Amino acid sequence: MSSVLTRRPGAAELHPVRTRRRWTVTKVTLGIAVPVLFVAVWQLIAVLEWVDPFLYPPPSRLGPGLAALWEDGRLVDATVTSVRRVILGYLLGAVAGVVIGFLMGMSRVLRAALEPFSWAWYTVPKLALLPIFLTIFGFGDTSVVVLIAVTVYFFVWISVMSAVMAVPTGYREAALMLRVNRWEMFRHVLLPAALPEIFVGLRIAAGVSVLMLVGIEFVISDQGLGFLIEQGRTLLLLEQSYVAIVLVALIGYLFALLVKLIGRLFVRWRDEDNAIIPS
Amino acid sequence: MDQIDHLTAPGSTGEEKPAAPRITVRDATRSFVTAGRSAVHAMGPMDLTIGDDEFLCVVGPSGCGKSTLLKIIAGLLAPSSGEVAINVSGEHRIPIAMVFQDYGIYPWKTVRANVDLGLRLTGRPSAERREIVDDWLARLGLTEFADAYPGALSGGMRQRVSVARALAIDPEVLLMDEPFAALDAQLREVLQEELLAIWQARRRTVVFVTHSLEEALLLGDRVVVMSARPGRVIADINVPFERPRTGAVRTDALFAKLRGELRTSLQPQVTAQFDAGKDKR
Ligand SMILES: Nc1ncnc2c1ncn2[C@@H]1O[C@H](COP(=O)(O)OP(=O)(O)OP(=O)(O)O)[C@@H](O)[C@H]1O
Ligand SMILES: [Mg+2]
């Protein structure tokens, strides 16, 4: 059977502005609708009493829980503490990871010397090191920050090092013909070539840093959102736990989004969303 | 990458053209050892001298080691045996420029920034650089795309960016690896003429790899034919057409005759290389 394949302009070609705007609206709507739907289902489950609403408080009970935490200032305190810890730890770890990642990506000798050792450390659950850090840095902020930094460091280090090593030989050779020194090779070739992949690593590390934060605060139980979650659990103030969990999720999301936006400022030569798949 | 640094000093100091050749390839070979496979003998032994300000074209079957030869001259690869010597004046920070077969331009730099890069690295003042870059962009028909990223360019345009970047450096030795391969036939002729004019106005040593015999005869002072892998020189002909030349030489009777000769020496090599590739499976 013969048929005619016709190629005509589609919506995107005929109304480019409108199509793009429409996609933006769709994207934002979908992004909001999914969590809203999730909350609705959760509420429904509680209302229908499919689960015990005391053990699994519905979203409608989080409002009062939030108000209580807000009034005595504990929520603000905990959030400020947690955000401060995670940002400090992340920055320290990310800077170290980027620097060491580049140094190792650019030097075969450094790689040979440090790679096996680093991989071994990478696989150690950092929470297992908490007692050591508590002994060294004392009970409180410093230990938390350092432990987050160490965790972030390993994620960033690996992504930076592999991104640098994956820079195609052709790019390096073209630069060698221009007789670049190491700094110029870094500045004009390796850094920009590796940047998109580095930002993927930085985004993953942003999520991991929040995971780590809550884990540590859970264990040492001194301050912060992790502490609120843990305290809510032990005192059976489950609304408190849930409010803190939602807040943690929000912070993690905003953090990763921030890193993504910063990445987009630096990587301007690439289309953001160009994955083509058969529809 | 150190080979470039121990180049011999120029032989003579006077204004007289030195009798010594610009590039000497002496008994050079290159093998590649890749994990899990026996060594590939890619090139040589090869002997070749390239005079100062000579335009040498290299033709040969695909995979015979032409890019390998250029990379050895460039200092990006060391020869496995033998030696390659290049005379440079020592006045240029970048004495040798190369146009890569796969472009070698940077997607994170705009067209202008790509062409500018070599000049920028030599530390020239930016006003001067701008003038030079604008000039080369115009000559290669890229002005309109000066601020575009290479991702938005066609293959042929990217290759022109690569050519512009090499020419903007104004090197003593220019290595070009099939620089016009991705261009359509018409644009190719335009750029051949442009390159002829550029080179005839300001001569320098050029080693130009191409698959097109016409291109080789039009541009070159000399054409070298390489054998099937491992590539050696099997023919070396002088192209007698007067300079300055134009595309008009294509219609010369001698042009057709030389092309026939080149084809005759090249054809069995192409077949041999192709059959060798088949036998491997
Ligand atoms: N880095 C490398 N590692 C292993 N083998 C290589 C490498 N570079 C080149 N070769 C081999 O050396 C031989 C010559 O390659 P080269 O690129 O010099 O060919 P060429 O003459 O430029 O071919 P073409 O005309 O197709 O560009 C080929 O058989 C190739 O497989
Ligand atoms: Mg080649």
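Figured I'd write up the structure that's included with this text. (Residues numbered from 1 in each chain as written. Chains lettered and ligands numbered in written order. Predicted model: local features only at pLDDT ≥ 70, side-chain atom pairs only at ≥ 80, totals over all residues. Heavy atoms only, no water.)

## Here we look at the overall build of chain A
Item 1. The number of helices and strands found in chain A is eleven helices and zero strands.
Item 2. Overall, chain A shows an N-to-C arrangement of helices and strands of α-α-α-α-α-α-α-α-α-α-α.
Item 3. Structurally, chain A occupies a C-alpha span of about 70 × 70 × 35 Å along its principal axes.
Item 4. Every one of the 279 residues in chain A was classed for burial, and the buried ones make up 38%.
Item 5. For chain A, long-range pairs separated by at least 24 residues make up 70% of all intrachain contacts whose partners lie at least 6 apart in sequence.
Item 6. In chain A, 24 positive and 18 negative side-chain charges are present, and the distance between their average locations comes to 13 Å. (Helix = DSSP H or I, 4+ residues; strand = E, 2+ residues; numbered from the N terminus. Buried < 20%, exposed > 50% of the residue type's maximum accessible area, 1.4 Å probe, protein only. Contact = heavy atoms within 4.5 Å. Lys, Arg positive; Asp, Glu negative; His and termini not counted. Charge placed at Lys NZ, Arg CZ, Asp CG, Glu CD.)

## Quick word on the coordination of the magnesium ion (ligand 2)
Item 1. Within the first shell, the magnesium ion (ligand 2) binds the protein through S67 of chain B (OG) and Q101 of chain B (OE1), at distances of 1.9 to 2.3 Å. Separated by 34 residues along the polypeptide, S67 of chain B in helix α1 (residues 66-74) and Q101 of chain B in the loop between β5 (96-99) and α2 (111-121) bring together distant segments of the chain. (Donors = N, O, S within 2.8 Å, 3.2 Å for Na, K, Ca; no water.)

## Some thoughts on the interface of chain A and chain B
Item 1. Counting from both sides, the interface comprises 17 residues of chain A and, opposite them, 26 residues of chain B.
Item 2. Overall, the association of chain A and chain B removes approximately 2,000 Å² of surface from exposure, summing both partners, and the carbon and sulfur fraction of that is 65%.
Item 3. On the chain A side of the interface with chain B, the three residues burying the most area are M177, L178 and R179 of chain A, jointly 38% of the side's total.
Item 4. In this assembly, chain A and chain B are joined by two salt bridges.
Item 5. The residue R93 of chain B makes a salt bridge to E184 of chain A at a minimum N-O spacing of 3.2 Å.
Item 6. Counting only elements with at least two residues in the side of chain A that touches chain B, the list comes to α8 (169-177) and α9 (182-220) of chain A.
Item 7. In the side of chain A that touches chain B, the residues fall into eleven nonpolar, one polar and five charged. (Buried area = accessible area lost by both parts, 1.4 Å probe. Salt bridge = Lys/Arg side-chain N within 4 Å of Asp/Glu carboxyl O. Nonpolar A, V, L, I, M, F, W, Y, C, P; charged D, E, K, R; others polar.)

## Some thoughts on the sheet that holds strand β2 (residues 40-50) of chain B
All names here are of chain B.
Item 1. The three strands lie next to each other as β2-β1-β4, forming an open sheet whose pairing is antiparallel. Edge strands, defined here as strands with exactly one partner in the open sheet, are β2 and β4 (81-86). The average undirected angle you get between the axes of adjacent strands in this sheet is 20°.
Item 2. By the bridge criterion, seven bridges tie strand β1 (residues 23-32) to β2 in an arrangement that is antiparallel. What sits directly across from R30, in β2, is M43. (Pairing = 2+ DSSP bridges. Axes fitted to C-alpha atoms, helices over the stretch in contact; angles between N-to-C directions.)

## Quick notes on the site of ligand 1
Residues and elements named next belong to chain B.
Item 1. Near ligand 1 lie 14 residues; those nearest to it are S62, G63, K66, S67 and T68.
Item 2. For ligand 1, an oxygen atom lies 2.6 Å from a polar atom in the side chain of T68.
Item 3. For the shell around ligand 1, the element with the most residues is α1, which contributes three residues.
Item 4. For the shell around ligand 1, the class distribution of residues is three nonpolar, eight polar and three charged. (Near = heavy atom within 4 Å. Polar contact = N/O pair within 3.5 Å; in protein donor to acceptor, adjacent residues only side chain to side chain.)

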